[in-house]
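Below, each chain spelled out in residue letters.
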Amino acid sequence: MIKLVGLTGGIGSGKSTVAGMIREAGIPVIDADVIAREVVAPGLPAHADIASAWPEVVAADGGIDRKRLAAIVFTDPESKARLEAITHPRIREQLAVEAKRLAAAGHRLAFFEAALLVETGSYKQLDGLVVVIASEEAQIGRVMARDACARESALARIRAQYPLAEKVRVANHVVDNSGSLLDTRSQVLAVLRAIASSAK
């Protein structure tokens, strides 16, 4: 039986950095974004459902233009709910397949990295939740550097998200990624030790 722990955070909080440190420690991290891309590949049922609902998002190569699809669903709650109904059950199925594969390979612990674990309530189906946080200033700086956007734009995107404080409220462990990478790494290793000892 594999223990599957959620890993989430906010934009610019450094969730991917922490995921990398977990992988370096020898523990697999299943990336929700990778699964989300896999389940909408041409030839699969989710691709057909999306193409039927929004034919304009099918790219010239037959794949889904994710940016165009995002532009539609994030401005229309009804479209967003429809897309989630198409993709979320298939993402859950694929997650279960991946977890089973890792368990068969002898892993006793894995992480599931996803942005919306708290917002969707799906963290409740996992064996724990790690939330990566950072100061608002650190988030702003990272978003500006990553997306080459203005401070106001970065701040607006951060404040449009579900508050980090609400994610922390339901977390089993918190990693504060406001400081140095060395400091973050020591927190990650402490969290991994705590999870390993609770599994005994």
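Provided above is the structure to which this section pertains.
Since we're looking at a predicted model, the values are computed, not measured.

Chemist: I tried to follow unusual backbone geometry on my own but got confused; where do I start?
Modeler: At Ala148, a position not held by glycine, the phi torsion is positive, near 50°. Assignment of secondary structure puts Ala148 in the loop between α7 (136–147) and α8 (151–160). Note on Ala148: relative accessible area 71%, which makes it exposed.

Chemist: Explain the environment of Ala134 to me, please; I cannot follow it from the model alone.
Modeler: Position of Ala134 relative to the elements: it lies in the loop between β4 (129–133) and α7. Overall, Ala134 belongs to the buried group, its relative accessible area being 11%. Distance from Ala134 to Leu164, taken between C-alpha atoms, is 8.9 Å for residues 30 residues apart in sequence. Excluding anything up to four places from it in sequence, Ala134 contacts Gly12, Ser13, Gln139, Arg142, Leu164, Asp176, Asn177 and Ser178.

Chemist: Mind showing me how you'd approach the side chain of His47 here?
Modeler: Inspection of the secondary structure assignment puts His47 in helix α3 (residues 45–53). What His47 contacts, discounting residues up to four positions off in sequence, is Val39, Val40, Ala41, Pro42, Gly62, Gly63 and Ile64.

Chemist: Would you explain the sheet that holds strand β2 (residues 29–31) in this entry?
Modeler: Sheet strands pair via backbone hydrogen bonds, and the direction of the pair is either parallel or antiparallel. Read across the open sheet, the 5 strands follow the order β2-β3-β1-β4-β5; overall the sheet is parallel. The sheet is open, and its two borders are formed by β2 and β5 (173–176), each paired with just one other strand. When the angles between neighbouring strand axes are averaged without regard to direction, this sheet yields 25°. In this sheet, β4 lies alongside strand β1 (residues 3–9) in parallel orientation, the contact comprising 4 bridges. The residue of β4 that forms the bridge with Leu7 is Val130. Strand contacts of helix α2 (residues 32–39): β2 and β3 (109–113), with the helix running at about 45° to β2, the strand carrying the most contacts. Lying over the sheet, helix α5 (residues 77–104) contacts β1, β2 and β3, oriented at roughly 155° with respect to β2.

Chemist: Would you mind going over the nonpolar core with me for this structure?
Modeler: Looking at soluble globular proteins, one finds that nonpolar side chains tend to be buried together. Ranked by internal contacts, the top residues of the largest apolar core, which has 34 residues, are Leu4, Ile50, Trp54, Leu69 and Phe112. Secondary structure elements with two or more residues in this core: α2, α3, α4 (66–73), α5, β3, α6 (117–120) and β4. Considering each element in turn, this core owes the most residues, 6 residues, to α5. In this view, Trp54 contacts Leu69, Ile72, Val73, Ser79, Arg82, Leu83 and Ile86; residues no more than four positions away in its chain are not counted. Listed in part, the 17 residues of the second largest apolar core include Val5, Met21, Ile22 and Val188.

Chemist: What is the right way to read α5 from this model?
Modeler: Since the α-helix packs 3.6 residues into each turn, any two residues three or four apart lie on the same face. In a regular helix each residue adds 1.5 Å, so 28 residues correspond to 40 Å; α5 covers 39 Å between its end C-alpha atoms and thus fits that length. When the local axis directions of α5 are compared, the greatest deviation, roughly 30°, occurs at Ala85, which is followed within four positions by the proline Pro89. Every buried residue belonging to α5 is among Ser79, Leu83, Ile86, Thr87, Ile91, Leu95, Ala99 and Leu102, and all of these are buried. As for α5, its buried residues are in contact with β1, β2, α2, α3, α4 and β3. Two residues or fewer past α5, Gly106 is found with a positive phi of approximately 100°.

Chemist: Would you mind going over the pattern of salt bridges with me for this structure?
Modeler: A pair can form between side chains of opposite charge whenever their charged atoms are brought close. Enumeration over the complete set of coordinates arrives at 11 salt bridges. Between Arg90 and Asp49 there is a salt bridge, with the nearest N and O atoms lying 3.0 Å from each other. Here Arg90, found in helix α5, pairs with Asp49, found in helix α3; they are 41 residues apart in sequence, far enough to count as distant. Under the relative-accessibility criterion, Arg90 is labelled partly exposed at 25%. On the basis of relative accessible area, Asp49 is assigned to the partly exposed category, the value being 33%. Here the residues in one salt-bridge network are Arg146, Asp147 and Arg157, joined through shared partners.

Basis of the calculations
Every chain is numbered independently, its residues counted from 1 as its sequence is written. Where totals are concerned, whole chains, interfaces and linings use all residues; where local detail is concerned, this predicted model gives features only for residues with pLDDT of at least 70, and gives and counts side-chain atom pairs only at 80 or more. Side-chain figures throughout are based on the complete set of non-hydrogen atoms in the structure, without hydrogens or water. Put simply, DSSP marks the helices as runs of H or I at least four residues long and the strands as runs of E at least two long, and each gets a number from the N terminus on. The buried label goes to any residue with under 20% of its type's maximum accessible area, the exposed label to any with over 50%, and the partly exposed label to all in between, with areas taken from a 1.4 Å probe on protein chains only. By definition, residues are in contact when any of their heavy atoms lie within 4.5 Å. Strands were regarded as paired on the criterion that DSSP finds at least two bridges between them. To obtain each axis, a line is fitted to C-alpha atoms, and for helices this fit is confined to the stretch in contact; angles are then taken between N-to-C directions over 0 to 180 degrees. Joining through side-chain atoms within 4.5 Å is the link that ties buried Ala, Val, Leu, Ile, Met, Phe, Trp, Tyr and Cys residues into a set, and such a set is a nonpolar core. Here, expected helix span is obtained from the residue count minus one, scaled by 1.5 Å. The reported bend at a residue is simply the angle between two axes, fitted to the 7 residues ending at it and to the 7 residues beginning with it. Whenever a carboxyl oxygen of Asp or Glu lies within 4 Å of a side-chain nitrogen of Lys or Arg, that contact is scored as a salt bridge.

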